[in-house]
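# Structural description and commentary
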Amino acid sequence: MGGVLASLESIFELKMFCLALQNDLAVSVPLLILIVCGVNVIKEIHGMMTRYWDQYGLGIAIIAPWNCILGMGGIDSFWNEDGVGGVTFKEMFPRVYALEVNKSCTVAQRINIEDWPSVLRRSPRGGAESNQLDELLEVIRHVSVSASVDGWKWELDISGFSVSSARSYIDEHTLLGSFTSTRWLRCIPIKVNVFIWKLRLDKLPTLVNLDKKGIDVSSLLCPVCKVHVENVDHLFFLCGMAQDLWGLLARWCALDIPEVSNIMEWYSWLDTAHVSNHARSILEGIASTMLWSIWNFRNALIFSMTKPKKANIWDSIVHQSFLWISSRNPKCRFRWLDWLRNPIETHL
Ligand SMILES: [Zn+2]
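Just so it is clear, the structure is predicted and the values come from calculations on it, not from any experiment.

About the cut-offs
Residues numbered from 1 in each chain as written. Predicted model: local features only at pLDDT ≥ 70, side-chain atom pairs only at ≥ 80, totals over all residues. Helix = DSSP H or I, 4+ residues; strand = E, 2+ residues; numbered from the N terminus. Buried ≥ 20, exposed ≤ 12 C-beta atoms within 10 Å, placed from the backbone. pLDDT = per-residue confidence, 0-100. Contact = placed C-beta atoms within 7 Å. Expected span 1.5 Å × (residues − 1). Arc of directions from axis to C-beta. Core = buried A, V, L, I, M, F, W, Y, C linked by C-beta atoms within 7 Å. Axes fitted to C-alpha atoms, helices over the stretch in contact; angles between N-to-C directions. Parallel < 35°, antiparallel > 145°, perpendicular 65-115°, else oblique. Left-handed = near helix turned anticlockwise from the far one by under 90°. Nonpolar A, V, L, I, M, F, W, Y, C, P; charged D, E, K, R; others polar.

## Some points on the overall build of the protein
The helix and strand tally for the protein stands at 16 helices and five strands. Counting every position in the protein, which comprises 348 residues, the buried fraction comes to 28%.

So, in structure tokens, the structure goes:
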């Protein structure tokens, strides 16, 4: 039984690969192929896994329904044997290891125990300690110890692996919700479309999302208002600055845009607004530019030596949206003064 077993490595990599698929495009076919091929394909994708490991760290979102059976009673050292990619568990989860009472415990003594705090000097105190314990539990959740040889068990079907059970699993757990169709807007740059797509999937590295991935952040508070936790709904819709900007947009376009608290509500209103399709497209382009500008403003607040000024952000949105939208609609007449008066009427 080498390393906290190649089996552990395999199941962890399988999870990481599934996560990577979800983070990239939520494509079902490669995942289905992966599950159909089962563990045999895992070694072949080792190189790919290493890249995803580097990119996504220890975040785990999807659990592949394989149970790993550790043979020979799990007599190896839990913390000191090679785990994933030759890295030991004590290296992967140092905060938990520091709390461990019996640092020479065996795999069998730690797999599937229900009360982890009882084998730690004290309970984890939130932050990295709790995150690392959660991640460790996630890695070993599907592992059990047996006196027989190492093996795998498909937990969704007692008769063994089946494509139908794999497909049901993917539909229920892996594919993202129905709100995933791409809204590709030609009047704004590709980078902004991609940004909006990530915003809708809640894949932007907000402070809350970084914290969910186990990355230590000094504070979760919104860098703009420093009052509320920074998630996408707050930053782009509920923060005071965002609400001011949405109000300015409504006034500029002479529209009664209601207060929206997330991007779904915004698109829901936009798609049913009583405006022409062309005006709707321009309005969406300006709003996308505004969201893009809020993100850049927030990044400048955190990373720039010179702090940006709130007073300048609206003018920059008006100017930037004019440049993008007018340059991408050569058949329409856009005049700057008309744009300033009311942008969704300028094409008439
Ligand atoms: Zn805020």
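## Considerations on unusual backbone geometry
Positive phi is not limited to glycine here, since D202 has a value of about 55°. By the secondary structure assignment, D202 is in the loop between α9 (190-200) and α10 (207-212). A positive phi angle is found at K226, which is not glycine, with a value near 60°. Tracing the chain through its elements places K226 in the loop between α10 and α11 (232-238).

## Focus: the confidence of the model for the protein
Averaged over all residues, the pLDDT of the protein equals 77, while 69% of them reach at least 70. Predicted confidence for residues 1-7 stays below pLDDT 50, and this span has 20 contacts to residues more than four positions away or in other chains. A low-confidence stretch, residues 16-63 stays under pLDDT 50, and its non-local contacts, those more than four residues away or across chains, total 68 contacts.

## Some remarks on helix α7 (residues 127-140)
An α-helical turn contains 3.6 residues, so any two residues separated by three or four positions project in the same direction. With 14 residues, α7 extends 20 Å from end C-alpha to end C-alpha; this agrees with the ideal 20 Å at 1.5 Å per step. If you check which residues of α7 are buried, you get N131, Q132, V139 and I140. Each buried residue of α7 sits inside an arc of 155° when the element is viewed along its axis, so together they form one side.

## Regarding the environment of E155
Considering the arrangement of structural elements, one finds E155 in the loop between β5 (151-154) and α8 (163-174). Separated by ten residues in sequence, E155 and S165 have C-alpha atoms that sit 9.7 Å apart.

## What about the nonpolar core?
Residues L235, F236, A242, M290, L291 and I294 are the most contacted members of the largest nonpolar core, which totals 32 residues. Of all the elements, helix α14 (residues 277-303) adds the most residues to this core, at nine residues. Setting aside its immediate chain neighbours within four residues, L291 contacts I196, L199 and F236. Among the nonpolar cores identified, the runner-up in size contains eight residues, and F78, W79, F93 and L99 belong to it.

## Digging into the environment of W79
Looking at where W79 falls in the secondary structure, it is placed in the loop between β1 (66-70) and β2 (82-84). In the structure, W79 is positioned ten residues away from F89 in sequence and 5.0 Å away in space, judged by C-alpha atoms. Not counting chain neighbours up to four residues away, the residues in contact with W79 comprise T88, F89, K90, Y97, E100 and K103.

## Here we look at the packing of helix α12 (residues 240-253) against α14
Helix-helix packing is described using two parameters, namely the angle between the two axes and the distance between the axes. The N-to-C vectors of α12 and α14 enclose an angle of 155°; their axes lie 11 Å apart at closest approach. What the angle tells us is that α12 and α14 run roughly antiparallel. The two elements α12 and α14 meet at a crossing, and its hand is right-handed. For the pair α12 and α14, contact is made by A242, L245, L249 and C253 and by L283, I286, A287, M290 and I294, respectively. Here the residues of the contact of α12 with α14 are counted per class, giving nine nonpolar, no polar and no charged.

## Concerning the environment of L248
Mapped onto the fold, L248 is located in helix α12. C-beta crowding within 10 Å serves as the criterion here: with 15 such atoms nearby, L248 is assigned to the partly exposed category.

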